[in-house]
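Summary of structural features
Chain residues, written in single-letter form:
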Amino acid sequence: MSSKTIQAGILTLILASTPAFGGEGGGGGSRDSGASSGGGQRSGLSSRATKTVVTTLTRGFGRCGTLPKVYKYDCYRHTYKLAVQQLGGNHAYAEATKALVLVQDTLTQAVNSNLDPAQKPKRKGLNLYRAVKPAAVPQIKRQTERAMQQAETILLRSPADKQVHYARIAEAVNSNKVLLRSAMLPGAAIRLAWRLLKAAVPA
């Protein structure tokens, strides 16, 4: 049994046993050229392009998790927007782009529809993130989780010759979904979930 399978099992037990609280390489395919960051000048599946997107989704989503919950969702939106840009119009990743855009658009609409004018944007790194109304957080969470599930389905139903790469992206989306669910858990469980996910993703 692989370490990732064990870690996924532990995460499942954490999520199943902890009550919810209310309230960022496969080697298959063509040449290893990597996709440009928004230019779309390079094409074809590549380990570099896939790893870049996976890293953006896992590390970016993890950093978003350190923000107060009302700011997390604009940060999640930015993470998926960046991942889409990194594919740079590479047609070999057409289905992956569609899947990630689905999550990005869901977050964009949810955040824009529930902005909290009483809260100032919060800076993290070079970016400013907007707050949503606290009462809207549970609904936005459900919408985001549903979009992630749909994105996983798109990725896992991709053509067989893309599966090596797309399965890695689907795994990153699933990791995001686990962290999204853990956002309602007590702090200790959240920290444990994040440590396990970081260990599961190659540096």
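The preceding data block contains the structure.
Bear in mind that the values here come from a model prediction, so they are computed numbers and not experimental data.

What follows concerns the overall build of the chain. The number of helices and strands found in the chain is 7 helices and 2 strands. The helix and strand sequence of the chain, counted from the amino end, reads α-α-α-α-β-β-α-α-α. Relative to its 203 residues, the chain shows a buried fraction of 46%. Total accessible area on the chain is roughly 10,100 Å²; 55% of this is exposed by carbon and sulfur atoms.

The next point concerns helix 5 (residues 137-156). End to end, helix 5 covers 28 Å across 20 residues, agreeing with the expected 28 Å (1.5 Å per residue, within 8%). Every buried residue of helix 5 is accounted for by Val137, Ile140, Lys141, Thr144, Glu145, Ala147, Met148, Ala151, Glu152 and Leu155. Considered in projection along helix 5, the buried side chains sweep an arc of 165 degrees and stay on one side of the axis.

Attention now goes to the packing of aromatic side chains. Using the criterion set out here, one finds 4 aromatic pairs in the structure. Relative to Tyr76, the ring of Phe61 lies with its centre 3.9 Å away and its plane at 5 degrees, an arrangement referred to as stacked. Residue Phe61 is located in helix 2 (residues 47-64), and its partner Tyr76 is located in helix 3 (residues 69-87); the two are separated by 15 residues in the primary sequence. Relative to Tyr76, the ring of Tyr73 lies with its centre 5.3 Å away and its plane at 85 degrees, an arrangement referred to as edge-to-face. Note that Tyr73 and Tyr76 are positioned in helix 3 at a spacing of 3 residues, about one turn of the helix. Judged on exposure class, the residue Tyr73 and its partner Tyr76 are both buried.

Residue placement: Val101 occurs in helix 4 (residues 94-113). C-alpha separation for the pair Val101 and Ala83, spaced 18 residues apart in sequence, amounts to 9.1 Å.

Once that is clear, we can look at the side chain of Lys72. Note that Lys72 resides in helix 3. Classification of Lys72 by relative accessible area gives buried; the value is 9%. At 2.6 Å, the side chain of Lys72 forms a polar contact with the backbone oxygen of Gly65.

Time to look at the nonpolar core. Among the nonpolar cores identified, the biggest contains 43 residues, and Leu57, Tyr80, Tyr93, Leu100 and Ile169 are the most heavily contacted of them. Going through the elements one at a time, helix 2, helix 3, helix 4, helix 5 and helix 6 (163-182) are the ones with two or more residues in this core. Considering each element in turn, this core owes the most residues, 9 residues, to helix 3.

So, how was this worked out
Residues numbered from 1 in each chain as written. Predicted model: local features only at pLDDT ≥ 70, side-chain atom pairs only at ≥ 80, totals over all residues. Heavy atoms only, no water. Helix = DSSP H or I, 4+ residues; strand = E, 2+ residues; numbered from the N terminus. Buried < 20%, exposed > 50% of the residue type's maximum accessible area, 1.4 Å probe, protein only. Areas by Shrake-Rupley, 256 points an atom, 1.4 Å probe, with all protein chains shown as cover. Expected span 1.5 Å × (residues − 1). Arc of directions from axis to C-beta. Phe/Tyr/Trp six-rings, centres within 6.5 Å; stacked < 30°, edge-to-face > 60°. Polar contact = N/O pair within 3.5 Å; in protein donor to acceptor, adjacent residues only side chain to side chain. Core = buried A, V, L, I, M, F, W, Y, C linked by side-chain atoms within 4.5 Å.

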